[in-house]
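Structural overview for review
The chain contents come next:
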Amino acid sequence: MWSRIGKSINLYVLAALVTLIFSACGQSAKATTMHLIKTSGDVGISDQAGNTVELIENMGLYSGYQISTMDESRAWIDLDRVKLVKMDAGSEADIHKNGRELELVVNTGSLYFHITEPLEENETLNIRSSTMVVGIRGTRGWVEVPDNERFSVSLLEGSVECAAFDLDTYGTDTWMIDEGLKAEFVCRNGEIEVEIEPLEADDIPAFVREEGLPPAYEDLLEQERDMKFPEGEERDGEGADDEEMPESTPGGGIDNMFGAYVNEEGREASIATTFSIGIEGKTQLVISLDNWETAKYVVLEQEEENVYRGIGPRDTQVYWVVFDKAGMQVTPLAAADDDYRRIAGYYRQTEIYIEETGERIPVSETENN
């Protein structure tokens, strides 16, 4: 149900609401215990003056720092050892903190949070965009900020309170979002449109699933797979070995497959070995499709020359991938979900990566070799 909230200004109410958000609903970590504990891919850190900060192991993070994750990159932030924040690929966030009050400003992208122990009464953690702010205490979920107008929050555990950050423009209304719900806010022209719906298992992006889910959602995922693949049919890739393997195509091979790809719709893909996604026992040869817009990745296992089986989240077999000299054909297996099917198809290679040197060579320079 969509609702519209017009502009309303009352200085007394505004002052009271600010106090409410940053104390009763506030939620955060001690300023002295915030560290960047893990990264994958290309992650950049800059200080308050905009100077680049060199990445070091378990580095401390301070007020005014900005963290950026590039394509195929992630960053994990530890807050007081019992609070985890994870930034998805293509995200940018600023750190604001004062004593025990911490605010993470998501400029763009997605951020997962898992607060395993409730914050103390004098601690606050707020996550916000340029338009909305959400107070976190003992909670688990994620926020997404596609642009300056849209903000969404989804809750796996606990509850949060959301309010407009710009009170002068958007007024003092608040929304309580409980476990199992997702809320999408659109802020434009002095009004807020909000839609609150039940959270479905298919709504949970890959970068969140990688951190593990509460048992109820694991069960829900299992039920959804049971519905897609009734008894006797293939499920979770089981029985996929019985499917006919595609024929290999001459001219591809491991030496030529690293690089950038694009399909007829302009959807981008890339293949690399430098991005670790933590699926144990699998070769770290990773294909990312849709330029991470749907957070879909696949770890490739070679079946024969130029033919690979793709393994997605939860060790689910989702693709056959066949390479030739000019590109790759991505064919969904029975276990692939709708998003994987949507981004299947033929991808033309546009750029070759030379992993040893980091050199990038346009395919046009090599296609006649």
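Just so we're clear, the structure is a prediction, and the values are computed from it rather than from any experiment.

1. Observations concerning the nonpolar core
In this structure, V153 and F185 are the most contacted members of the largest nonpolar core, which totals 44 residues. The biggest single contributor to this core is strand β9 (residues 101-115), with six residues. In contact with V153, not counting residues within four places along its chain, are F113, W142, V143, V160, C162, I177, L181, K182, A183 and F185. Among the nonpolar cores identified, the runner-up in size contains 22 residues, and V318, V330, I343 and Y347 belong to it.

2. Observations regarding the confidence of the model for the chain
Averaged over every residue, the pLDDT of the chain is 76; residues scoring 70 or more account for 74%. Taken together, the stretch residues 232-242 has pLDDT below 50 and engages in 23 contacts with residues farther than four places along the chain or on a different chain. Every residue in residues 274-284 scores below 50 in pLDDT, and together they form 29 contacts with partners more than four places removed in sequence or on other chains.

3. A word on the environment of N126
As for its placement among the helices and strands, N126 is situated in strand β10 (residues 124-128). Note on N126: relative accessible area 1%, which makes it buried. Along the chain, N126 and L102 lie 24 residues apart, while their C-alpha atoms are 6.4 Å from each other.

4. Digging into unusual backbone geometry
The phi angle at N58 is positive, at roughly 55 degrees, despite the residue not being glycine. Take N58: its relative accessible area is 42%, and that puts it in the partly exposed class. Residues other than glycine seldom take positive phi values, yet N306 does so here, at roughly 70 degrees. With respect to the helices and strands, N306 occurs in the loop between β21 (296-304) and β22 (307-311).

5. Section: the pairing of strand β13 (residues 150-157)
The buried fraction of β13 amounts to six of the eight residues, a majority that puts the element mostly inside the structure. The pairing of strand β12 (residues 140-145) with β13 spans five bridges and is classified as antiparallel. Bridge pairing links W142 to S154 in β13. Hairpin connection of β12 to β13: four residues between the antiparallel strands. As paired elements, β13 and strand β16 (residues 181-188) share five bridges and run antiparallel to each other. The partner of V153 across the bridge, within β16, is A183.

6. Remarks on the packing of aromatic side chains
Applying the stated criterion to the full structure yields four aromatic pairs. When the centroid spacing of 5.6 Å and the interplanar angle of 80 degrees are considered together, the rings of Y62 and Y65 count as edge-to-face. The exposure class assigned to Y62 is partly exposed, which follows from its relative accessible area of 47%. For Y65, a relative accessible area of 13% gives the class buried. Their ring planes at 45 degrees and their centres at 6.5 Å tell us that F151 and F185 sit as a pair that is tilted. Here F151 is found in strand β13, whereas its partner F185 is found in strand β16, with 34 residues between them in sequence. Take F151: its relative accessible area is 1%, and that puts it in the buried class. On the basis of relative accessible area, F185 is assigned to the buried category, the value being 1%. Clustering of aromatic rings is evident, with ring pairs tying together F151, W175 and F185. Of note, K38 hangs over the ring of W76, and the distance from its end group to the ring centre comes to 4.4 Å.

Thresholds, definitions, all that
Chains are numbered independently. Their residues run from 1 in the order of the written sequence. Given that the model is predicted, a residue must reach a pLDDT of at least 70 before its local features are reported, and side-chain atom pairs must reach 80 or more before they are shown or counted; all residues, however, enter totals for whole chains, interfaces and linings. Based on all heavy atoms of the structure, the side-chain values leave hydrogens and waters out of the count. To qualify as a nonpolar core, a set must consist of buried Ala, Val, Leu, Ile, Met, Phe, Trp, Tyr and Cys residues joined through side-chain atoms within 4.5 Å. The classification of residues rests on relative accessible area computed with a 1.4 Å probe and restricted to protein chains. Under 20% of the type maximum is buried, over 50% is exposed, and intermediate values are partly exposed. Where helices and strands are cited, they refer to DSSP runs of H or I of at least four residues and of E of at least two residues respectively, numbered from the N terminus. For this analysis, residues touch if any pair of their heavy atoms sits within 4.5 Å. One number per residue, pLDDT, summarises how confident the predictor is, and it ranges from 0 to 100. Note: two strands are recorded as paired if DSSP finds a minimum of 2 bridges between them. Under the pairing criterion, centres of Phe, Tyr and Trp rings, with the six-membered ring standing for Trp, must be within 6.5 Å; the plane angle then separates stacked pairs below 30 degrees from edge-to-face pairs above 60, leaving the rest tilted. Charge-over-ring contacts are defined here by two conditions on Lys NZ or Arg CZ: a distance within 6 Å of the ring centre and an angle within 35 degrees of the ring normal.

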